[in-house]
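Listed here are the chains, written in short residue letters.
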Amino acid sequence: MTMLDYAKKCCDTVMKKFPQAELPPVGKFHYHAGVFLSGMERTYLLCGEEKYNQYIKTWIDCYVDAEGGIDGVDAETLDDIEPCNLLIRYYEGGEARYKRVLDKLAPLFLKWKCNTVGGFWHKEEFPNQMWLDGLYMAGPLAVKYGLMTGQMNYIELIHKQLKLMWENIRDEQSGLLYHAWDESKQEGWADSKTGCSPEFWGRAIGWYLVAAADISEMLPDENPFKKDFTDYAVSLAKAVCNYQDAATGLWFQVVDKGDVSGNWTETSCSCLFVYGISNLIRRGLLSKECCAVAEKAYAGIIEHKTELCGDELIIKDICIGTGVGDYAHYINRPRTENDLHGTGAFVLMCTEFQKLKNSL
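The model shown is predicted, which means the values in this text are computed figures rather than measured ones.

Some remarks on the packing of aromatic side chains
Under the definition given, this model contains 18 aromatic pairs. Centre to centre, the rings of Y90 and Y98 are 6.0 Å apart; their planes meet at 50°, and the pair counts as tilted. For Y98, a relative accessible area of 0% puts it in the buried group. Ring geometry for W166 versus Y232: centroids 4.4 Å apart, planes at 5°, classification stacked. On the criterion of sequence distance, the pair formed by W166 in helix 7 (residues 152–169) and Y232 in helix 9 (residues 226–241) is long-range, its members being 66 residues apart. Assessed through its relative accessible area of 12%, W166 is described here as buried. Within the aromatic cluster, the residues linked to one another by ring pairs are F29, W59 and Y63. Stacked on the ring of W264, the Lys or Arg R335 has its end atom at 4.2 Å from the ring centre.

Looking at the state of the cysteines
Scanning the model with the defined rule gives zero disulfides in all. Free cysteine C10: the closest other cysteine sulfur is in C11, separated by 6.0 Å. Take C10: its relative accessible area is 1%, and that puts it in the buried class. Lacking any disulfide linkage, C84 is separated from the closest cysteine sulfur, that of C62, by 15 Å.

Here's the deal with the pairing of strand 4 (residues 312–315)
Two strands pair when backbone bridges link them, and strand 3 (residues 306–309) and strand 4 are joined in this way by four bridges, in the antiparallel orientation. When the bridges of strand 4 are listed, C309 appears paired with E312. Connecting strand 3 to the antiparallel partner strand 4 that follows it, the hairpin turn spans two residues, and G310 within it adopts a positive phi of roughly 65°.

Points about unusual backbone geometry
The residue after P24, namely P25, is reached through a cis peptide bond having omega -5°. Here P25 is to be found in the loop between helix 1 (3–17) and helix 2 (31–47). Backbone geometry places N128, a non-glycine residue, at a positive phi of 70°. Non-glycine residue N338 carries a positive phi angle of around 55°. Note on placement: N338 falls in the loop between strand 6 (335–336) and helix 13 (340–359). The buried category is assigned to N338, whose relative accessible area is 18%.

Description of the packing of helix 9 against helix 10 (residues 267–282)
Contact pair helix 9 / helix 10: the axes reach a minimum separation of 10 Å and the direction vectors enclose 125°. The pairing of helix 9 with helix 10 is recorded here as oblique in orientation. Where helix 9 crosses over helix 10, the two elements pack in a sense that is left-handed. Facing A233, V234, A237, V240 and C241 of helix 9, the residues of helix 10 in contact are F273, I277 and L280. Classifying every residue of the contact of helix 9 with helix 10 by side-chain character gives eight nonpolar, no polar and no charged.

About the thresholds
- Think of each chain on its own: its residues are numbered from 1, step by step along the sequence as written.
- Only residues with pLDDT of 70 or above have their local features reported here, since the model is predicted, and side-chain atom pairs are shown and tallied only from 80 upward, although totals for entire chains, interfaces and linings are computed over all residues.
- Computation of side-chain values: all heavy atoms of the structure, hydrogens and water removed.
- Any two of the Phe, Tyr and Trp rings considered here, Trp counted by its six-membered ring, make a pair once their centres fall within 6.5 Å; the pair's planes then place it as stacked at under 30 degrees, edge-to-face at over 60, or tilted in between.
- Each residue is placed in one exposure class: buried if its accessible area under a 1.4 Å probe, protein chains only, is under 20% of its type's maximum, exposed if it is over 50%, and partly exposed if it falls in between.
- Think of it this way: any DSSP run of H or I at least four residues long counts as a helix, any run of E at least two long counts as a strand, and we number them from the N terminus.
- By the criterion adopted, a ring carries a charge over it if an Arg CZ or a Lys NZ lies within 6 Å of its centre and within 35 degrees of its normal.
- Here, the term disulfide refers to a pair of cysteine sulfur atoms separated by no more than 2.5 Å.
- Pairing between two strands is assigned when DSSP locates at least 2 bridges connecting them.
- Inter-axis angles, ranging from 0 to 180 degrees, are taken between N-to-C directions of lines fitted to C-alpha atoms, where helices are fitted over the stretch in contact.
- With respect to orientation, any angle under 35 degrees is reported as roughly parallel, any angle over 145 as roughly antiparallel, any angle of 65 to 115 as roughly perpendicular, and every other angle as oblique.
- The hand of a helix crossing depends on one turn: near helix anticlockwise from the far one by less than a right angle means left-handed, and clockwise means right-handed.
- In what follows, residue pairs with any heavy atoms lying within 4.5 Å of each other are defined as contacts.
- As a working rule, the residues Ala, Val, Leu, Ile, Met, Phe, Trp, Tyr, Cys and Pro are called nonpolar, Asp, Glu, Lys and Arg charged, and the rest polar, with Gly in that last group.

Written as structure tokens, this is what we have:
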């Protein structure tokens, strides 16, 4: 099967299991559904099959009413604003009610609670903590909204988040990014000198890479912030390549400790890394020699982490949602099948790798 075939098979599997109103987490307008549906949207844009477009729109309309009101959103967590990315295409297609939702939720970024240097708190209950995940949850939407409305302060704000994470969470030696940073250094996991969490968790690094690459592609060449989004994405992708598992082509749950007892190759981070690497190769920002990394990883994911059961595709070894912690915390997180973190990352990977292949 082609990459697009695998993306469609994964979408079909999830659609068969979950009517739109039952897509988890039920009753919440949340990034778990948002990341999967973002992959479905890219599948639709590649194949043109209307069933995917209709599934996305019906899910949205479980939460957005005819006047542009919205339910199921916790306005104090970045996670619940991320699915607004899905609204933009429908608004641009002529449905004004979706713009009312965007005009309600996107401006929350401008008054988001921040640490003393202007870094977004990841959630209300985690004061002063920046998590890498937050760049994906807030960044692409804020940049799209800024470009759509001509409000460049949104782009400047996300550029600030990008830089604060890079300057405070990045490890110079490995080039990797720790999962989180507590500026106050009060959290139990925070290093007493740096405030950083102790480990390089794969999926968090993947969120940052995908967000930086996507925003880099969105921004016009003349935008003064484009260079940093591009440079950071390229630098991180190169660092990630150094930690690919030679045997499977995948990446480990704790990225730099593949040889430490208990670690395991995790599917969602591997997919997100392939996405980022493929995006940058397609755009001429990484050398085509890096194709070998993407090829090996894609083949490893298909061989080791997928299984066809009748007409359904099973995606295995997906870490469930997790907070910040130590090595034992990450490696002991439960693994599951067809969790939306993993199916979403898988479909995103397949569509972007297909676009790369089409461009060669």
